[in-house]
Amino acid sequence: MTSKTEKRKIPDQGQPGLVTRHSSLVTVLQLFAEAPLYAILDTAVRPDLPPEAVLEALLRAGVRVIQYRHKDAFRRSHFEQCAALARRTRQAGGAFFINDRADVADLCGAHGVHLGQEDLSPETSRRFLGTGPLIGYSTHTLDQARRAVTLPVDYIAIGPVFPTTTKKNPDPVVGLSLVTEVRAITNKPLVAIGGITMENAPSVLAAGADAVAVIRDLLAAPDIEERARLFLTALKTRSQESEPRA
Ligand code: TZP
Ligand code: MG
């Protein structure tokens, strides 16, 4: 049976969208096919835990795409932390993203940057980063997603799918229907975000997302590694049940 990944167009070597791993090149879509859970390490949600420990727990559980989200002042210590986390994620065969900041992503050796609608634009970020690093881009409406399809970005995020208490001033909830609508207009990897829990995550993949991005339902768990494992089991069961997407 042709897998969902094989059916999708994978960019050539040297093009955006590639991650180096153990000397081979993979796409973020291949990482999502392995583990359709995009963990966001938000420094404000578990200030009691060292990000290094959270990252190790996520990697042990099998998570392969991880983002560092830090909304307060970005100090030297954060930069040094990110450089170490990026190195460790690379060693483990994953991809490490920095939220908001293309400059930090570049300097700390991350695989890429995740941009919002108010950050440096994807075009400017791409000019700064060159073709190698990955760019993810948040969208909150069908119009924004339509525009994102034309931009030099490697994945599109859509949300908040459900109500969230984690993001300050979130955009209006978009629901599963917008995930399906955006799926219909693009073959780019699609990440859904906002209020996603282990219970509702399978419905988000069924609506057309390649991965779910999660903060609170992972990080607030008493045992993050166990929660991530349970998440992946729920999602893998679901993605094996569903038909491969054309
Ligand atoms: N962007 C849209 S919703 C959101 C972000 C960063 C917060 C997601 O956090 P949670 O805890 O998974 O709802
Ligand atoms: Mg941002």
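First things first, this report covers the structure right here in the doc. Remember, predicted model here, so these are calculated numbers, not experimental data.

1. Remarks on the environment of Leu151
You can see Leu151 is positioned in the loop between α7 (142-149) and β8 (155-158). Residues Leu151 and Pro122 lie 29 residues apart in sequence; the distance between their C-alpha atoms is 6.8 Å. Not counting residues within four places of it along the chain, the set of residues in contact with Leu151 comprises Pro122, Glu123 and Tyr137.

2. With respect to the nonpolar core
Within soluble globular proteins, side chains that are nonpolar tend to cluster in buried spots. Leu37, Ala39, Leu58, Ala192, Val212 and Ala228 are the most contacted members of the largest nonpolar core, which totals 75 residues. Sort the elements by how many residues they give to this core and helix α3 (residues 51-61) lands first, with 6 residues. Residues in contact with Val212, not counting those within four places in the same chain, are Pro36, Leu37, Tyr38, Ala192, Ile196, Ala201, Val204 and Leu205.

3. A look at the site of ligand 1
Taken together, 13 residues form the shell around ligand 1, and within it Thr164, Thr166, Gly194, Ile215 and Arg216 come nearest. Within the shell around ligand 1, the residues separate by chemical class into 6 nonpolar, 5 polar and 2 charged.

4. Structural notes on the environment of His78
On the secondary structure map, His78 appears in helix α4 (residues 76-91). By the C-beta count within 10 Å, which is 18 here, His78 ends up partly exposed.

What counts, and where the lines are drawn
- Residue numbers restart at each chain and count upward from 1, following the sequence in its written direction.
- Written order determines the labels here, with chains lettered from A and ligands numbered from 1.
- Note on the predicted model: pLDDT of at least 70 is required for a residue's local features to be given, and 80 or more for side-chain atom pairs to be given and counted; whole-chain, interface and lining totals, by contrast, use all residues.
- In this description a helix means any DSSP run of H or I spanning at least four residues, a strand means any run of E spanning at least two, and both kinds are numbered starting from the N terminus.
- Contact between two residues is assigned whenever their backbone-derived C-beta positions fall within 7 Å.
- A set of buried Ala, Val, Leu, Ile, Met, Phe, Trp, Tyr and Cys residues, joined through C-beta atoms within 7 Å, is what we mean by a nonpolar core.
- Around each residue's C-beta, the other C-beta atoms within 10 Å are counted; 20 or more make the residue buried, 12 or fewer make it exposed, and counts in between make it partly exposed. All C-beta atoms are placed from the backbone.
- Whether a residue is near a molecule or strand depends on its C-beta atom, generated from backbone atoms, being within 6 Å of that molecule or strand.
- Under the scheme applied, nonpolar residues are Ala, Val, Leu, Ile, Met, Phe, Trp, Tyr, Cys and Pro; charged residues are Asp, Glu, Lys and Arg; polar residues are all the others, including Gly.

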